[in-house]
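# Understanding the architecture of this molecule
So the chains spell out like this:
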Amino acid sequence: MKYKLIRGFHDILPGQIERWHFIENSAIEVFRSYGFNELRLPILELTDIYCTGIGDTTDIVAKEMYTFDDRDGSSLSLRPEGTAGVVRSFIENSFYKKSPISKFYYMGPMFRHERPQKGRYRGFNQIGCEYFGSANAGADAEIILMLWYFFQKIGFSDSVKIEINSIGDEESRNNFKSALIKYLTPLQEGLCEQCKIKLGTNPLRILDCKNEGCKDIISDAPKITDYLSESSDTHFKMLIKILEELSVPFILNDKIVRGLDYYTETVFEFTTDKLGSQNAVAAGGRYNNLVEKMGGPSTPATGFALGLERIILLHEQISDEEFMFPTDIFIAWIGDNTFIPAMKIATELRSRGKSVYIEHDSKSIKSQLKRANKFGAGYTVIVGEEELKNGKITVRNMKESSEQSIDIGDTEDLYNHFT
Ligand code: HAM
């Protein structure tokens, strides 16, 4: 029997992981510089957290969750996203009592039983940020700015577009929903089967349907931005003003409504035209009612998550740079008696922060030097039997093909060769 990956899941292999680390580390560095701290949460939560948090009628909750009964009968789900769990933790740990503002980032695998295709998986990875405590448009502007800065940092300035919209407060959405239903009802025969259902359950989601027939109908639909309440309109205009003043390039897209029910006011997506239909590399928005809905005190919040697989796919397209962890030093040993001293040298150099590669089967010096080149080692330390008897080892500079014999007892001298 041959075991295989579950459909829609993937391994990240050595040779690929280096690019992942580059992206992850760049994101973490940027998010930390904006005052976000890591929150590490379990990937399994009570199913109800997602039903309440994301919404029963959303595709994610209604069709895509990996849900099962625990041994005590309680229903658990693998997390399909991070926000609902972060809110659960925010309330459970009373972060709101500790500080008026809390800023978290989190990363890790998410699970959605979607139809797999390029850029869309059943097991995928996100890095997300959640910002609690400010209702101000400045908070939305800052996270969009931060995300833009991150994408610039990894070389995506020309590959990614920022699309923003406002879906307003409850009053705005209720007014808009009525207008949308009024517009769509006489045209419903032309809608796809999914959208016919959504007309009764979640009409806003019809706006981002990818079906061509639905897109045609939607193109003349009322625009949500024409239905914003006064305060939502002011909020959205302020966001636009700040982004313009900060020279963040964005476009307005009144069709962005997002697939999760918790959003209020600002919504946004960072999209690319280089990945086919799975074009959002990051997405998010404001969710002012979720903390209260999940049992906490009324707390405005805003956030986003970026999709790591899609970012990696895009990064592979724009940068063929090899992402390998550099090996500083390769230790080659010749003759059985040299292995232990060679290990000691490796340990000493590693304890001083060097990345050192040593192999454990006896091989010729020629094949060991070949291996050293393969790992991109700058230096090879050669530990030979005869030399060792005289307390010496050889340090070979791989680039210059030059060698120098040094005293094995003098670790300082040895270390200095590599600094
Ligand atoms: P989302 O739009 O569902 O939002 O996901 C965010 C990003 O995760 C997407 O833009 C995409 O890059 C990636 N993603 C989603 N589903 C998949 C999939 N099946 N395969 C590969 N990548 C995927 C959220 O998850 C919200 N929690 C974001 C948020 C945080 N809003 C406020 N705070």
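Residues numbered from 1 in each chain as written. Predicted model: local features only at pLDDT ≥ 70, side-chain atom pairs only at ≥ 80, totals over all residues. Heavy atoms only, no water.

## A look at empty space enclosed by the protein
Cut-off, in case you're wondering: Here a cavity is any set of points on a 1 Å grid over the protein atoms alone where a 1.4 Å probe fits but cannot get out, and a pocket is any open set with protein on both sides within 12 Å along at least 5 of 7 lines; a residue lines the site when it has an atom within 4 Å of a point. Grid points are joined across faces, edges and corners, and a volume is the space filled by probe spheres set on the points. In the scheme used here, Gly and all other residues not listed as nonpolar or charged are polar, with Ala, Val, Leu, Ile, Met, Phe, Trp, Tyr, Cys and Pro taken as nonpolar and Asp, Glu, Lys and Arg as charged.
By the definition in use, this model includes 1 cavity of 30 Å³ or more. Lining the largest cavity, in full, are L39, L41, P42, E45, Y50, R79, E81, G82, G85, V86 and Y106. Its residues assigned to classes, the lining of the largest cavity comprises 6 nonpolar, 2 polar and 3 charged.

## Quick look at the domain arrangement of the protein chain
To keep things clear, this is the line we draw: Domain limits in this description derive from either an automatic procedure or a database domain assignment.
Each domain of the protein chain was delimited in the assignment, giving domain 1 (17-169 + 229-318) and domain 2 (329-416). The C-alpha-based centres of domain 1 and domain 2 are spaced at 48 Å.

## Describing the environment of P222
Here is the rule: In this text, helices come from DSSP runs of H or I with a minimum length of four residues, and strands from runs of E with a minimum of two, each type numbered from the N-terminal end. Note on definitions: a residue-residue contact is assigned when non-hydrogen atoms from the two residues lie within 4.5 Å.
Structurally, P222 can be placed in the loop between α9 (212-219) and α10 (230-245). Taking the C-alpha atoms as reference points, P222 and W333, separated by 111 residues in sequence, lie 75 Å from one another. Those residues within four positions of P222 in sequence are excluded, and the remaining contacts are F176, A179, L180, Y183 and Y227.

## Observations concerning the sheet that holds strand β12 (residues 329-334)
Threshold: Any two strands with at least two DSSP-identified bridges between them are counted as paired. Note on geometry: axes are C-alpha line fits, over the in-contact stretch for helices, and angles between N-to-C directions span 0 to 180 degrees.
Pairing is mixed in the open sheet, where 5 strands are placed in the order β13-β12-β14-β15-β16. The open sheet has two edge strands, β13 (356-358) and β16 (402-407), and neither has a second partner. The mean angle between the axes of side-by-side strands here comes to 25°, regardless of whether they run parallel or antiparallel. Contacting β12, β13, β14 (379-384) and β15 (392-397), helix α13 (residues 339-351) crosses the sheet at an angle of about 165° to β13. Packing against the sheet, helix α14 (residues 365-374) makes contact with β12, β14 and β15, and its axis sits at approximately 170° to β12.

## What to know about the sheet that holds strand β5 (residues 102-111)
The 8 strands are arranged β1-β5-β6-β11-β10-β9-β7-β8 in an open sheet whose pairing can be described as mixed. Whereas interior strands pair on both sides, the edge strands pair on one side only; in this sheet they are β1 (37-38) and β8 (251-252). Where strand β7 (residues 161-166) and β8 come together, 2 bridges link them in parallel fashion. From the neighbouring strand, E163 faces β8, where its bridge partner is I251. Of the strands in this sheet, β5, β6 (123-132), β7, β9 (266-271), β10 (280-286) and β11 (301-307) touch helix α6 (residues 137-153), which is tilted by about 20° from β11.

## Re the layout of surface pockets
Unfilled space is identified by rolling a water-sized probe across the atoms. By volume, the second largest pocket is sized at about 440 Å³. Around the second largest pocket, the lining is made up of 22 residues, and of these R173, K177, D261, Y262 and Y263 lie nearest the centre. At 4 residues, helix α7 (residues 170-184) tops the list of elements feeding residues into the lining of the second largest pocket. Taken together, the residues of the lining of the second largest pocket sort by class into 7 nonpolar, 8 polar and 7 charged.

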